[in-house]
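Here is what each chain is made of, one letter per residue.
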Amino acid sequence: MDAPYRQGISKSASILLIAIIIVVIVGVSVFLFSLQSQRPIASGKIVALVWEDYTVKEVLDPLKEKYPNLEVENSIFSSQPEMFAKLVGGFQADVVTPCVDFLPRLIEQNLLQPIDPNRLSNWNNIFNEIREFPGIRYDGKLYLLPETYGIEGGVTYRKDKVTTITKWADIFNPQFAGRIIILNDPRIGIVIGAWALGYQDPWNLSTEDLQKIKDFYLRNKNLILKFYSSDLEARELMASGDAWILAGSGPAQAAWLRREKIDAEFLLPEGKGIGWTCGFSILRSATNIDAVYSYMDYFISEIPQQYYALEWLYGPVNEKVFRSLPAEWFEETGITAPGLLTGVTPLTEPPNLDEWVKIWEEILAG
């Protein structure tokens, strides 16, 4: 008896169904338009205050090809103190490339605005460990978009000159007198001294602790050839044989030496090293916000991430790129997935940084 009711839909039901379909289509269209409106539009001009490696043609040419209507004016800095001084002095820019250790200074000076990760199409391609790296957020808001990561505060040594190193105190062995170079950075240098003396929490050192580290360095000053200032200087000293042990940098130095046919190894004595991440922050003075997001999103995409990994030996934050790297890269650099960063000390600033700087100056002058 009820067969006719199964043979079709009534006219009123058809109208209702059509209305529902229209509502759904309109809703989906509005949603997609809303998502599209959140995507940055790369046009106009931005000013970028950056490290020099962000200005090489290998990464800028593809950026120009992708966003032909975007003009990027680069202003280069060679150190974070230089960058900080420039901004505090009133330099106007849209985006800057700090590392995680300098982020607190920029935030304290009210120089930055929060980053909305929803406006970055490559955000979810970043390793979760990097997205949760300590120090990139303040009051729950993201202020640093990580672009590279790595390890420093380790030791590179020439295996033709040094048998082995297992503890931080080993690098201060008298048999290496005049063959040790240490990074000229008060944070790295003092942390190295703290580890050599057995401190477990190197970022929280009292005045008395700092004095002990100073005395330790002064007692061993004759062992140290130089406190080096640049990677190039360190490489030249290691390659010439003037230096046998390099303390303070990451695995790239050992990889470079091996490329030069010098047998070198990088290690973290006692498993102690310093993890870092560097990337992008949006300045409060930024005016072309859409273009800034396009610019930042590009640098965490495949082309620049592959370039910096293969040519500069930086750890790529983009997990897809990381998984695509050849086995030779991992063997050469010693870099592993950023999970290793959970086992080292995150780079930061001690609460009494001014005291650290003063002690370090006294060490250098002693």
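Residues numbered from 1 in each chain as written. Predicted model: local features only at pLDDT ≥ 70, side-chain atom pairs only at ≥ 80, totals over all residues. Heavy atoms only, no water.

## Re the environment of Leu225
To keep things clear, this is the line we draw: Helix numbers and strand numbers start at the N terminus; a helix is a DSSP run of H or I with at least 4 residues, a strand a run of E with at least 2. Note on definitions: a residue-residue contact is assigned when non-hydrogen atoms from the two residues lie within 4.5 Å.
Mapped onto the elements, Leu225 comes out in strand S10 (residues 224-228). Excluding residues within four positions of it along the chain, Leu225 makes contact with Gly178, Arg179, Ile180, Ile181, Leu237, Asp242 and Ala243.

## Concerning the nonpolar core
Convention followed: Throughout, nonpolar core names a set of buried Ala, Val, Leu, Ile, Met, Phe, Trp, Tyr and Cys residues whose side chains join them through atoms within 4.5 Å. Three exposure classes are used, based on accessible area relative to the maximum for each residue type with a 1.4 Å probe and protein chains only: buried under 20%, partly exposed in between, and exposed over 50%.
Leu145, Tyr295 and Met296 are the most contacted members of the largest nonpolar core, which totals 62 residues. Residue contributions to this core peak at 7 residues, all from helix H11 (residues 289-299). Excluding residues that lie within four positions of it along the chain, Met296 makes contacts with Val95, Ile115, Leu120, Leu145, Phe280 and Ile282. Val162, Ile213, Tyr228 and Ala234 belong to the second-largest nonpolar core, a separate cluster that totals 56 residues.

## A few points about the state of the cysteines
Such a bond, covalent and formed between the sulfur atoms of two cysteines, is termed a disulfide. As a reminder, the rule being used: Cysteine sulfur atoms that come within 2.5 Å of each other are treated as a disulfide pair.
In this structure the tally under the stated criterion is 1 disulfide. The side chain of Cys99 participates in a disulfide bridge whose partner is Cys278; the two sulfur atoms lie 1.8 Å from each other. Torsion about the S-S bond of the Cys99 and Cys278 cystine: about 90°, corresponding to right-handed handedness. Residue Cys99 is located in the loop between strand S3 (95-96) and helix H5 (103-108), and its partner Cys278 is located in strand S13 (residues 274-283); the two are separated by 179 residues in the primary sequence.

## As for the pairing of strand S1 (residues 44-50)
The cut-off we apply is this: Crossover handedness is defined by viewing with both strands directed away from the observer: a clockwise path from the first strand over the helix to the second marks the crossover as right-handed. One bridge is not enough; two strands pair if DSSP finds at least two bridges between them.
Across the 7 residues that make up S1, a large majority, 5, are buried. Running through helix H3 (residues 57-66), the crossover from S1 to the neighbouring parallel element strand S2 (residues 70-76) is right-handed. Here S1 runs beside S3; their pairing, made up of 2 bridges, is parallel. In the sheet register, Ala48 faces S3, and the bridge partner there is Val95.

## Things to note about the pattern of salt bridges
Heads up, the rule is: Salt bridges are identified by distance alone: a Lys or Arg side-chain nitrogen within 4 Å of an Asp or Glu carboxyl oxygen.
Scanning all chains against the criterion turns up 13 salt bridges. Linking Lys45 and Glu73 is a salt bridge whose minimum nitrogen-to-oxygen distance equals 2.7 Å. Here Glu73 lies in strand S2 and Lys45 lies in strand S1, a separation of 28 residues in the sequence. A residue is classified by how much of its surface remains accessible, and Glu73, at 36% relative accessible area, is partly exposed. Each member of the salt-bridge network shares a partner with another, and the members are Asp101, Asp185 and Arg187.

## Let's talk about the environment of Ser206
Residue placement: Ser206 occurs in the loop between helix H7 (186-196) and helix H8 (207-219). Given the relative accessible area of 33%, Ser206 is considered partly exposed. Sequence separation between Ser206 and Glu355 is 149 residues; the distance between their C-alpha atoms is 9.4 Å.

## Structural notes on the packing of aromatic side chains
Going by this rule: Aromatic pairs are defined between Phe, Tyr and Trp rings, using the six-membered ring for Trp, whenever the two ring centres lie within 6.5 Å; interplanar angles under 30 degrees are classed as stacked, those over 60 as edge-to-face, and all others as tilted. Whether a charge sits over a ring depends on NZ of Lys or CZ of Arg being within 6 Å of the ring centre and within 35 degrees of the ring normal.
On inspection of all chains with the given rule, the structure shows 25 aromatic pairs. By way of ring pairs, the aromatic residues Tyr54, Trp276, Phe280, Tyr295, Tyr298, Phe299, Tyr307, Tyr308, Trp312 and Tyr314 are connected into one cluster. Just above the ring of Phe102 sits the side chain of Arg105; from NZ or CZ to the centre is 3.9 Å.

## Observations concerning the confidence of the model for the protein
Quick reminder of the rule: Scored from 0 to 100, pLDDT reflects the predictor's confidence in each residue.
Across the protein, the average pLDDT comes to 87, with 88% of residues at or above 70. Low pLDDT, under 50, characterises residues 1-38; the predicted model gives this stretch 3 contacts beyond four residues in sequence or across chains.

## Describing the packing of H8 against helix H15 (residues 353-365)
Here is the rule: Note on method: axes are straight lines fitted to C-alpha atoms, helices fitted across the in-contact stretch only, with angles between N-to-C directions ranging 0 to 180 degrees. Orientation categories follow fixed angle ranges, with anything under 35 degrees roughly parallel, anything over 145 roughly antiparallel, 65 to 115 roughly perpendicular, and all other angles oblique. In a left-handed crossing the near helix is turned counterclockwise from the far helix by less than a right angle, and in a right-handed crossing that turn is clockwise. Each residue gets one label: Ala, Val, Leu, Ile, Met, Phe, Trp, Tyr, Cys and Pro are nonpolar, Asp, Glu, Lys and Arg are charged, and the others, such as Gly, are polar.
The N-to-C vectors of H8 and H15 enclose an angle of 20°; their axes lie 10 Å apart at closest approach. Classed by the angle they form, the pair H8 and H15 counts as roughly parallel. Between H8 and H15 lies a crossing whose hand is right-handed. Where H8 abuts H15, its residues Thr207, Leu210, Gln211, Lys214, Tyr217 and Leu218 lie against Glu355, Trp356, Ile359, Trp360, Glu362 and Ile363. Grouping the amino acids of the contact of H8 with H15 by side-chain chemistry returns 7 nonpolar, 2 polar and 3 charged.

## Thoughts on unusual backbone geometry
Here Asn110, not a glycine, exhibits a phi torsion of approximately 55°, which is positive. If you trace the backbone, Asn110 turns up in the loop between H5 and strand S4 (112-113). Classification of Asn110 by relative accessible area gives partly exposed; the value is 47%. The backbone phi angle of Glu270 is positive, close to 60°, even though this residue is not glycine. Within the secondary structure, Glu270 sits in the loop between strand S12 (264-267) and S13. Of the residues examined, Glu270 reaches a relative accessible area of 43% and is grouped as partly exposed.

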